[in-house]
Amino acid sequence: MKINLPITLTAADTETRTISGRIVTWNEEGNTSAGKTIFAPNSISAKNVKLLLEHDRTRPIGRVVEMTQHESGIDAKFGIAGTQAGSDSLVEAASGLRDGFSVGINLVKYDSAGGVLVVEMGDLMEVSLVTEPAISSARVTDVAASEEENQNSETQVSESTEAKGDEVENTVKDEAASSPSFYRDWE
């Protein structure tokens, strides 16, 4: 027997786990998996987009909470999940280790001009947090995480090097793993 109960998930201060920035700039040439590429103005449509790590669909870390298309490109803000991968991503983005954005699109209409793919229309399938973006201006501009939240998500590692032959016992205690995680469906 299956019983469905209506549940509302809430979290204190959901706005403090966000990564924001430019995800694409119109008319800026980038080097994508399809080669040299330019996105024409207003060429991307999107809704309910996930933020992934390095285009790996098995590594989602958040969802779009705001997206603004304007004359120079698209800026977005992503709510980051309360997972270890999400917490690591906040630290990596804030420290500049993984501070680029890359878009994954389904091409609908395109042209080729002088060896450059010109995207005229495409559906945004996902955005990824990457170490090196194809379009150099597609960068993280803001990372927000509350001080309290960062302290609670720190991983404590203790190692016991007591010799038992050639074995070394490692003990990892992750306080964040024992606390409830937060993930909200952004519409």
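First, a word on scope: everything that follows refers to the structure included in this document. Values in this document were obtained by computation on a predicted structure and should not be read as measured data.

## A look at the pattern of salt bridges
Phase 1 of the analysis: Taken as a whole and judged by the stated rule, the model has five salt bridges.
Phase 2 of the analysis: The partner of Asp-75 in a salt bridge is Arg-22, and the shortest N-O contact between them spans 2.6 Å. You can see Asp-75 sitting in strand β7 (residues 73-80) and its partner Arg-22 sitting in strand β1 (residues 18-25), a full 53 residues away along the chain.
Phase 3 of the analysis: Assessed through its relative accessible area of 28%, Asp-75 is described here as partly exposed.
Phase 4 of the analysis: Judged by relative accessible area, which is 17%, Arg-22 ranks as buried.
Phase 5 of the analysis: A salt bridge links Arg-98 to Glu-54, with the shortest nitrogen-to-oxygen separation between them at 3.0 Å. Of this pair, Arg-98 sits in the loop between α1 (84-95) and β8 (100-113) while Glu-54 sits in the loop between β5 (50-53) and β6 (56-70), and the two are 44 residues apart along the sequence.
Phase 6 of the analysis: Owing to a relative accessible area of 13%, Arg-98 belongs among the buried residues under this scheme.
Phase 7 of the analysis: Each of Glu-54, Glu-92 and Arg-98 takes part in salt bridges that share partners, so that together they form one network.

## Digging into the nonpolar core
Phase 1 of the analysis: By size, the foremost hydrophobic cluster in this structure holds 27 residues, and its most contacted members are Ile-23, Phe-78, Phe-101, Val-127 and Leu-129.
Phase 2 of the analysis: Within the residue set of this core, elements represented by two or more residues are β1, β5, β6, β7, α1, β8 and β9 (116-130).
Phase 3 of the analysis: No other element matches the five residues that β9 contributes to this core.
Phase 4 of the analysis: Residues in contact with Ile-23, not counting those within four places in the same chain, are Met-67, Ile-74, Ala-76, Phe-78, Phe-101, Val-103, Leu-124, Val-127 and Ala-138.

## What about the layout of surface pockets?
Phase 1 of the analysis: Of the volumes computed, that of the second largest pocket is approximately 300 Å³.
Phase 2 of the analysis: Every residue lining the second largest pocket is counted, 19 residues in all, and those nearest its centre are Thr-32, Ser-33, Phe-39, Val-103 and Ile-105.
Phase 3 of the analysis: For the lining of the second largest pocket, the elements supplying multiple residues, two or more each, are β1, β3 (35-39), β8 and β9.
Phase 4 of the analysis: Among the residues making up the lining of the second largest pocket, the classes are represented as 13 nonpolar, six polar and no charged.

## Examining α1
Phase 1 of the analysis: An ideal rise of 1.5 Å per residue puts 16 Å on twelve residues; α1 measures up with 17 Å between its terminal C-alpha atoms.
Phase 2 of the analysis: Listed as buried for α1 are Gly-86, Ser-87, Ser-89, Leu-90 and Ala-93. Seen from one end, α1 has its buried residues packed into an arc of 155°, which puts them on one side.
Phase 3 of the analysis: Its buried side turned inward, α1 meets β1, β5, β6, β7, β9 and β10 (140-144).
Phase 4 of the analysis: Of the residues trailing α1, Gly-96 is marked for its positive phi of about 80°.

## Some points on the side chain of Arg-22
Phase 1 of the analysis: Polar contacts involving the side chain of Arg-22 include one to the side chain of Ser-72, which spans 3.4 Å.
Phase 2 of the analysis: Of note is the side chain of Arg-22, whose polar atom sits 2.6 Å from the side chain of Asp-75.
Phase 3 of the analysis: If we skip the residues at most four places from it in the chain, Arg-22 touches His-70, Ser-72, Gly-73, Ile-74, Asp-75, Phe-101, Ser-137, Ala-138 and Arg-139.

Reading guide: rules and limits
- Residues numbered from 1 in each chain as written.
- Predicted model: local features only at pLDDT ≥ 70, side-chain atom pairs only at ≥ 80, totals over all residues.
- Heavy atoms only, no water.
- Salt bridge = Lys/Arg side-chain N within 4 Å of Asp/Glu carboxyl O.
- Helix = DSSP H or I, 4+ residues; strand = E, 2+ residues; numbered from the N terminus.
- Buried < 20%, exposed > 50% of the residue type's maximum accessible area, 1.4 Å probe, protein only.
- Core = buried A, V, L, I, M, F, W, Y, C linked by side-chain atoms within 4.5 Å.
- Contact = heavy atoms within 4.5 Å.
- 1 Å grid on protein atoms, 1.4 Å probe; cavity = no way out; pocket = protein on both sides within 12 Å on 5 of 7 lines; lining within 4 Å.
- Points joined across faces, edges and corners; volume = space filled by probe spheres on them.
- Nonpolar A, V, L, I, M, F, W, Y, C, P; charged D, E, K, R; others polar.
- Expected span 1.5 Å × (residues − 1).
- Arc of directions from axis to C-beta.
- Polar contact = N/O pair within 3.5 Å; in protein donor to acceptor, adjacent residues only side chain to side chain.

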